[in-house]
Amino acid sequence: MITKRPLSYWVKTSDLKIQLLLVAIILITVATRVLPLEMQKKIINQAISMRKIDLLFMYCGFYLAAVVSASLLKGVITLLQTYLGQKALARMRKDLYAHVLTLPLSYFRKANPGMVVSSLVTELAPAGEFVGQSIAVPVTNILTLLTFAGYLFYLNPTMAGISVALYPIVIFLIPKLQKRSNRANKKRVDITRNLSSRINETVTGIHEIHGNGSYNIENRKYGKFVEELFKIRIVWILYKQGIKVLNNFFQNLGPFLLFLVGGYMAIQGRFDLGALVAFLSAYEKIYDPWKELMDFYQVHNDATVRYNRVMEYFDTVPEFELEPKDRKPLELKGEINVQNLGFTVAGGIRLLKQINMNLKPGEQMALVGFSGSGKSTLAQCVSQLYKYTGGSVKIDGYEVSDLTKADVINNTGIVAQDPYIFSGTIRENLLYSCTAMLEGDPEADSKMPSRDAMIEAIQQAGIFVDVLRFGMNTVLDPEKDPELVERIVRIRKNFHTEFGEQLADSVEFYQDGEYLEYSSVMSNITFGNAKSDDFASKNLFKNSFFIEFLKEAQLETPLLSLGREAAKQTVDILGNLPPDEVFFEQSPIPTEEFEDYKKLVNRIDDIPLQEIEGEDRDMLMRLAMNFIPGKHKMVALPDLLRNLLLDGRKMFYEKVSEEMPEAFSFFKMTDYINSQTILDNVLFGKPKSDHPKVQDAINQSMIQLLIEEDLLEKVVEIGMEFDVGTKGDKLSGGQRQKLAIARTFLKNPPIMIMDEATSALDNASQNRIQTLLETKWKGKSTLIAVIHRLDTIKNYDKVAVMKAGKLMEVGPYEELMRKKGMLYELVHGAD
């Protein structure tokens, strides 16, 4: 198990070839670092003292070659040790993450997500750094240190002895300080984790903090942790820096002794000047490897503390084997037999007591009862999510606690009350269970569900219309699927032919020569879509090309007048009303900008239109450009301006086509609009209302045409590529539940566990899912369903009533109702 591996394991199992290469390069590097010292001596004693230019150039050349070589080799060493370290770190994270995924659910009930994240991402990083340095740093610096020491003794044994005499003192003192530093570091790691847990808890429960106004309470809790961390970090840093200060002190004390003794010997003629210079240089050089060894010593200790803390945190044994050995996962029929089942958690709390029940293959049982009665816990023990502590649960005669995870996973489908949807597409989430089940199977691709099977699953779960809508709201790349683009244009023509007249009151279709009452003034002028960001709606009214066009078309002044009139009338009407959306539905000014326009109206009240400049002018132009006559009914669009805008549309088309054809694509019945969705391309217009009845009428017409063109499945397939966002946050709670149900239906398991799986759905959707379970799945899959709505349990084969962890009664619905026991009380209420 990974948590039992010492830090040295990762050093021993790193790439042996790279380690050997590293040692070879280190040996060469050490030699190149000593050569410049000898060259210094020869330059002074031979080249300079003998006044020989040729020797000076030769020795300087050797010196330069040695320095350059040493630097290049140091770069190679750094590259190799970085690779080894990061490779080891990646292996640590992968292996530890794989271990974390197998830990029991009971572990995660206590573990804090923030601590799990920081352990995997932050705390392991120093361990990887240590593994990378574990060979290069000690070998390089110990060899360098010994080589320099040997060179010192070669130059002068007496002075060399004085030089190295200080190091034993340092070696004695530093470990003592390091032990204290390690103790402080352990406390720092623990407090940092607690602080991470506190932050994670605060962010997770932020709605409660806002709801209760408990800002000061949480600030005090957080402040307490910060103060503890502040104190321990001071102690830790002082010890850590104290080691460096002590090391520097003794290192700086060395030259004092060398100058004193070496200078005396040179004056006495017992030591030549070149040798003294070389000796001092060598002593200065010896500090570098010593310093790196001290730094490595601290890296080793810090990495060891953090690594051990991480492994201690995750040192829990998985409850079940993942894969069976020497056999394939079992194929079960779904017979479930529970005898004297008990489940006790930490603290001796018994959640389940003496549970007895059985289900034949294909039977359906509803679990009902009071809140906290143990319904979900029982379902989770049967599905191996929790390991029961007493009694027996058997599936087809196999004890569940003895089965591997693969045995259970391949035969069960689980839908939780609050299902988790992973980041990715609908398709990826839909196939999630099947992909996991077929992992490692060489025939996995051929065994994966087909498109038709996926569509059937989402139809059964009731999410088909949503997926179709996602597909219709997709922007296609015409170059990737030109055939589909052609077919969509053909559908557009058929749509307008078959439904244009019928939907004329609900949709305003794009027609050249007609003013679009439900589109903005800007859209009426451009009558198309921008191909570049400079011509996008948000930037167009400031675009120099467009401003020049407005002046040429004599539209600038009328539009400024429209903006001024719209601002004035809107402020007059809504000025004294509260900022409620109801009042602003027909306002051209958004609620959040109303106060700004209110101030603008006061500023420009007596200023001639031609004198308005700068930001005020931009605000009026923006308001005019976004004005929609069919929606913003507080202000009327003058007929004269409407006609001018239609003339301007023609002029804009001609100007763009001639001068900047790459900037815009214009609306044409025969052309696909690249920047718009499939829905907008087929519609080729804008709905006059967002009323559900209007949307339903459009959708039904679209679906009919897609079926006729044999494109319905294709568009749904496109919809399956919709990105659901982080944790599925682009989906509603009901959509997430439907997707989880579809995922289980697609898996088609012999056993289904549904834990209040329809709680987020409306009554109609719940009833439809229930009817489907009673018809399609009855006799096909054994079903255990935890149910809150008691009006949906009548057709189950068995109903099990639980209270306080005990199974009070089990049997068919009608039989239990006749007994007038616990179920009767739940349905009718106690008398």
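Everything that follows concerns the structure shown earlier in this document.
Residues numbered from 1 in each chain as written. Predicted model: local features only at pLDDT ≥ 70, side-chain atom pairs only at ≥ 80, totals over all residues. Heavy atoms only, no water.

A word on the overall build of the protein
When you go through the protein residue by residue, the secondary structure sums to 34 helices and 14 strands. Over its C-alpha atoms the protein spans a radius of gyration of 39 Å, topping by over 25% the 28 Å that the globule rule assigns to 831 residues. The buried share among the 831 residues of the protein stands at 47%. Here the contacts in the protein between residues at least 6 apart in sequence split such that 77% fall between residues at least 24 apart. For the protein, the distance from the average position of its 97 positive side-chain charges to the average position of its 102 negative side-chain charges is 12 Å. (Helix = DSSP H or I, 4+ residues; strand = E, 2+ residues; numbered from the N terminus. Rg over C-alpha atoms; globule rule 2.2 N^0.38 Å. Buried < 20%, exposed > 50% of the residue type's maximum accessible area, 1.4 Å probe, protein only. Contact = heavy atoms within 4.5 Å. Lys, Arg positive; Asp, Glu negative; His and termini not counted. Charge placed at Lys NZ, Arg CZ, Asp CG, Glu CD.)

Focus: the pairing of strand β13 (residues 798–803)
Burial runs high along β13: 5 of the 6 residues are buried. Here β13 pairs with strand β14 (residues 806–811) via 5 bridges, running antiparallel. Residue pairing in the sheet places A800 in a bridge with V810 of β14. Connecting β13 to the next strand, β14, in antiparallel fashion are 2 residues, including A804 with a positive phi near 55°. (Pairing = 2+ DSSP bridges.)

Observations concerning the pattern of salt bridges
On inspection of all chains with the given rule, the structure shows 24 salt bridges. Taking the shortest distance from any N to any O, the salt bridge between D512 and R649 comes out at 3.7 Å. With D512 in the loop between β7 (507–509) and α20 (521–526) and R649 in helix α27 (residues 639–659), this pair connects stretches of sequence that are 137 residues apart. For R649, a relative accessible area of 5% gives the class buried. (Salt bridge = Lys/Arg side-chain N within 4 Å of Asp/Glu carboxyl O.)

Digging into a positive patch on the surface
A cluster of basic residues, K176, K179, R180, R183, K186 and K187, forms a positive patch on the protein surface. Within the fold, K186 resides in helix α8 (residues 167–204). Here K186 falls in the partly exposed class, since its relative accessible area comes to 37%. (Patch = residues over 30% accessible without salt bridge, like charges linked within 9 Å, V, L, I, M, F, W, Y side chains within 5 Å. Areas by Shrake-Rupley, 256 points an atom, 1.4 Å probe, with all protein chains shown as cover.)

Let's talk about the packing of helix α17 (residues 451–461) against helix α30 (residues 712–719)
Viewed as axis vectors pointing N to C, α17 and α30 meet at an angle of 75°, and their least axial separation amounts to 11 Å. By the angle between their axes, α17 is roughly perpendicular relative to α30. Residues R451, I455 and I458 of α17 form the contact with α30, whose own contacting residues are E713, K714, V716 and E717. Among the residues making up the contact of α17 with α30, the classes are represented as 3 nonpolar, no polar and 4 charged. (Axes fitted to C-alpha atoms, helices over the stretch in contact; angles between N-to-C directions. Parallel < 35°, antiparallel > 145°, perpendicular 65-115°, else oblique. Nonpolar A, V, L, I, M, F, W, Y, C, P; charged D, E, K, R; others polar.)

Re the sheet that holds strand β4 (residues 390–395)
Read from one edge to the other, the open sheet built from 4 strands follows the order β2-β1-β4-β5, with strand pairing classed as antiparallel. Each edge of the sheet is formed by a strand with only one pairing partner; in this case those strands are β2 (349–359) and β5 (398–399). Where strand β1 (residues 336–345) lies against β2, 7 bridges are found, and the strand directions are antiparallel. Residue pairing in the sheet places V338 in a bridge with M357 of β2.

Brief notes about the nonpolar core
I458, L468, F495, L773, I793 and L823 are the most contacted members of the largest nonpolar core, which totals 75 residues. Other than its neighbours up to four places away in sequence, L468 contacts I703, L706, L712, V715 and V716. Core analysis: the next-biggest nonpolar cluster, separate from the first, contains 47 residues, F541, A567, L574 and F664 among them. (Core = buried A, V, L, I, M, F, W, Y, C linked by side-chain atoms within 4.5 Å.)

Quick notes on helix α12 (residues 375–382)
Extensive coverage of α12 is indicated by the burial of 6 of its 8 residues. Every buried residue of α12 is listed here: K375, T377, L378, A379, C381 and V382. Positive phi appears at Q384, one or two residues downstream of α12, with a value of about 70°.

Some remarks on a nonpolar patch on the surface
A cluster of nonpolar side chains, I199, V203, Y222 and V226, forms an exposed patch at the surface whose accessible area comes to about 320 Å². Elements supplying a minimum of two residues to the nonpolar patch: α8 and α10 (215–267). Counting through the fold element by element, V203 comes out in helix α8.

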